[in-house]
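Chain by chain, the residues:
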Amino acid sequence: MIKTAEAYHIPVLLEASIDGLNLRKGGVYVDATFGGGGHSREILARLDSTGRLFGFDQDADAAQNTMEDERFTFVRTNFRYLKNWMRYYETVQIDGLLADLGVSSHHFDNEQRGFSFRFDAPLDMRMNANGPTTAADIVNRYDEAALADVFYLYGEMRNSRPIAAALVKARTLKPITTTRDFIAAVEPFFKREREKKEMAKLFQALRIEVNSEMEALKEMLAAAIEMLKPGGRLAVITYHSLEDRIVKNIIKTGNAAGKVEQDFYGRTETPLKAVNAKVIVPDTEEQQRNPRSRSAKLRIAEKK
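Just so we're clear, the structure is a prediction, and the values are computed from it rather than from any experiment.

Take the pairing of strand β4 (residues 94–100) next. In terms of residue burial, β4 counts as a mostly covered element, since 7 of its 7 residues are buried. Sheet topology places strand β1 (residues 28–31) next to β4; 3 bridges connect them, and they run parallel. Looking across to β4, one finds that valine 30 is bridged to leucine 97. Relative to strand β5 (residues 228–238), β4 is paired through 6 bridges, and the arrangement is parallel. Residue pairing across strands places leucine 97 opposite leucine 234, the latter belonging to β5.

This part covers unusual backbone geometry. Unusually for a residue other than glycine, leucine 13 sits at a positive phi of about 50°. Here leucine 13 is to be found in the segment before α1 (14–20). Note on leucine 13: relative accessible area 4%, which makes it buried.

The next subject is the sheet that holds strand β6 (residues 272–274). Spatially, β3-β2-β1-β4-β5-β7-β6 is the arrangement adopted by the 7 strands of the open sheet, whose pairing is mixed. Pairing within the sheet leaves two strands with one partner each, and these edge strands are β3 (72–75) and β6. Neighbour-to-neighbour, the strand axes of this sheet turn through a mean angle of 20°, independent of strand direction. Pairing of β6 with strand β7 (residues 297–303) involves 3 bridges; the strand directions are antiparallel. In the strand pairing of β7, alanine 274 is matched with alanine 301.

Along helix α2 (residues 38–46), the positions that sit buried rather than exposed are Gly38, His39, Ser40, Glu42, Ile43 and Leu44. Each element contacted by the buried residues of α2 is listed here: α1, β1, β2 (52–56), β3, β4 and β5.

Take the UniProt feature "binding site: S-adenosyl-L-methionine" (unreviewed entry) in the protein chain next. The positions that UniProt labels "binding site: S-adenosyl-L-methionine" (unreviewed entry) are, in the present scheme, Gly37, Gly38, His39, Asp57, Phe79, Asp100 and His107. Along the chain, aspartate 57 turns up in the loop between β2 and β3. Of the residues examined, aspartate 57 reaches a relative accessible area of 13% and is grouped as buried. When residues no more than four places from it in sequence are discounted, the contact partners of aspartate 57 are Thr33, Phe34, Gly35, Ala62, Phe74, Val75, Arg76 and Thr77. Polar contacts involving the side chain of aspartate 57 include one to the main-chain amide nitrogen of aspartate 59, which spans 2.9 Å. Inspection of the secondary structure assignment puts aspartate 100 in strand β4. Under the relative-accessibility criterion, aspartate 100 is labelled buried at 7%.

It is worth spelling out helix α6 (residues 144–155) at this point. With 12 residues, α6 extends 16 Å between its outermost C-alpha atoms, agreeing within 8% with the 16 Å of an ideal straight helix rising 1.5 Å per residue. Where α6 is concerned, the buried positions are Leu147, Ala148, Val150, Phe151, Tyr154 and Gly155. Buried residues of α6, viewed axially, fall in a sector of 165°; they line one side. Lining the buried residues of α6 we find α5 (135–141), α7 (160–173), α8 (179–186), α9 (195–211), α10 (213–227) and α11 (241–253). Taking the backbone nitrogen of alanine 145 as reference, a side-chain oxygen 3.2 Å away marks aspartate 143 as the first, capping residue of α6. Just beyond α6, the residue with positive phi is glutamate 156, at close to 55°.

On to the pattern of salt bridges. Evaluated as defined, the whole model comprises 19 salt bridges. Ionic pairing is found between arginine 71 and aspartate 69, a salt bridge with its closest N-O pair at 2.9 Å. Between arginine 80 and glutamate 219 there is a salt bridge; the shortest N-O distance is 2.7 Å. Here glutamate 219 lies in helix α10 and arginine 80 lies in the loop between β3 and α3 (82–88), a separation of 139 residues in the sequence. Beyond isolated ion pairs, a larger network of salt bridges with shared partners links Glu15, Asp19, Glu42 and Arg46.

Procedures and definitions
- Residues numbered from 1 in each chain as written.
- Predicted model: local features only at pLDDT ≥ 70, side-chain atom pairs only at ≥ 80, totals over all residues.
- Heavy atoms only, no water.
- Buried < 20%, exposed > 50% of the residue type's maximum accessible area, 1.4 Å probe, protein only.
- Helix = DSSP H or I, 4+ residues; strand = E, 2+ residues; numbered from the N terminus.
- Pairing = 2+ DSSP bridges.
- Axes fitted to C-alpha atoms, helices over the stretch in contact; angles between N-to-C directions.
- Contact = heavy atoms within 4.5 Å.
- UniProt positions renumbered as here; feature names shortened; annotations may be inferred.
- Polar contact = N/O pair within 3.5 Å; in protein donor to acceptor, adjacent residues only side chain to side chain.
- Expected span 1.5 Å × (residues − 1).
- Arc of directions from axis to C-beta.
- Salt bridge = Lys/Arg side-chain N within 4 Å of Asp/Glu carboxyl O.

Laid out in structure tokens, this is it:
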């Protein structure tokens, strides 16, 4: 196993995801979520001198983990712009793409980024520190109905409306600018034994809204499918039901909504075929070694 910047992020399902790409030694590949570079290093280790790898990441911190290798190109941008940037690098087809979705351990452990309720920090949550909207902007500017929708759709919170109402009331007294401010306003709605789990859902919902994660994922997958060569592979690691549903639907039906489309003869028209009938999950040893992996699911598909 190739070592990586473990202080930044421990790669999840490393061997299974790279094996799933069925790498061609001289192929062209994309690591859509470069992060600490663990998956990228493993890919490069399996390519020959003619292979190429593009690593995408919108976080400036990830740039510190890049490696000096003429086969590797780091692209500091959101993976939703995959097609545009690959065209810029005069690459219209790829042999495979890997995406390890969600938030890295680096983000959760960075006290100043506001991703975790463990620390009192600015309510930020931007993956791209130069992004236009912070979590504080959303909490202080969205109306009650819009806030409730965010918590219900992206956090699957059944009590999203009273939580939204409480935040609107709290911000009339003073702006909600820190994680502590936010927690103080919503804490009364959670039972002590489920507080951490429910708080994690709220933070997840805000993070998804701040970074437009669902829209970005759909755009990236659509571009990846278009660019994959026949026989090319797509390997995606998900961590929650919302993103996993999108990936599953796109593999099964070719669209995020899961709408089955058929040709004149009643045959289902899909650009991909699933490689693994069941999702691949980390074994017990990996889950113990890396707690972040416990909710991970790997889906692999091949371009028809």
